[in-house]
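# Breakdown of the fold
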Amino acid sequence: MKGKVAFVLGAAVGYVLGARAGRARYEKIKSGAKAAWESDPVQNGVSIVQDAATAKFEEVKAAALSAGKDALSTVIGSAKGAANSVNSTSDSTGAQSGSTGKSGSTGQQSKRDEK
């Protein structure tokens, strides 16, 4: 909330000062800001930050790719393990999984028929 109030207050002060200063003052401020931005020390800093961000981006991209591959192989391995477990259980009992013993009826059908 404080951030919003500070932003609105800053925008209002900037508007009032800008309106009083007029276009000529605005152009002077704009050219000063442009000169500061284009100065060698600022551009060196920008270059350093861009290089660091690019290097960190490559690290994060590689880590995300590796984590995604690991997660996918874990999911696939779990699915294969579950499928093997189901197959071995149905083979050893001789019954199909999900069998109710009432020729496929769950009992819900007969209760509805009684009503």
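Residues numbered from 1 in each chain as written. Predicted model: local features only at pLDDT ≥ 70, side-chain atom pairs only at ≥ 80, totals over all residues. Heavy atoms only, no water.

### Focus on the overall build of the protein
Looking only at helices and strands, the protein has 3 helices and 0 strands in total. When the helices and strands of the protein are listed from N to C terminus, the series reads α-α-α. Expressed as a percentage of its 115 residues, the buried residues of the protein come to 1%. Surface summary for the protein: the accessible area is close to 10000 Å², and the carbon and sulfur share equals 62%. (Helix = DSSP H or I, 4+ residues; strand = E, 2+ residues; numbered from the N terminus. Buried < 20%, exposed > 50% of the residue type's maximum accessible area, 1.4 Å probe, protein only. Areas by Shrake-Rupley, 256 points an atom, 1.4 Å probe, with all protein chains shown as cover.)

### Points about the pattern of salt bridges
Applying the stated rule across the entire model yields 2 salt bridges. Taking the shortest distance from any N to any O, the salt bridge between Lys56 and Glu59 comes out at 3.6 Å. Placement of the pair is Lys56 and Glu59 together in helix α2 (residues 40-93), with a separation of 3 residues, close to one helical turn. Relative accessible area serves as the criterion here: at 49%, Glu59 is assigned to the partly exposed category. Ionic pairing is found between Lys61 and Glu58, a salt bridge with its closest N-O pair at 3.6 Å. Here Lys61 and its partner Glu58 are both found in helix α2, 3 residues apart, which amounts to about one turn of the helix. Classification of Glu58 by relative accessible area gives partly exposed; the value is 39%. (Salt bridge = Lys/Arg side-chain N within 4 Å of Asp/Glu carboxyl O.)

### With respect to a nonpolar patch on the surface
Side chains of Leu9, Val13 and Leu17 sit close together on the surface and give an oily, nonpolar patch of about 290 Å² of accessible area. Topologically, Val13 is positioned in helix α1 (residues 2-37). (Patch = residues over 30% accessible without salt bridge, like charges linked within 9 Å, V, L, I, M, F, W, Y side chains within 5 Å.)

### Concerning the environment of Trp37
Its place among the elements puts Trp37 in helix α1. When residues no more than four places from it in sequence are discounted, the contact partners of Trp37 are Val42, Gln43 and Val46. (Contact = heavy atoms within 4.5 Å.)

### Digging into the confidence of the model for the protein
Overall, the prediction assigns the protein a mean pLDDT of 77, with 70% of residues at 70 or greater. For the protein, the element scoring lowest by mean pLDDT is helix α3 (residues 108-114), at 53; α2 scores highest, at 84. (pLDDT = per-residue confidence, 0-100.)

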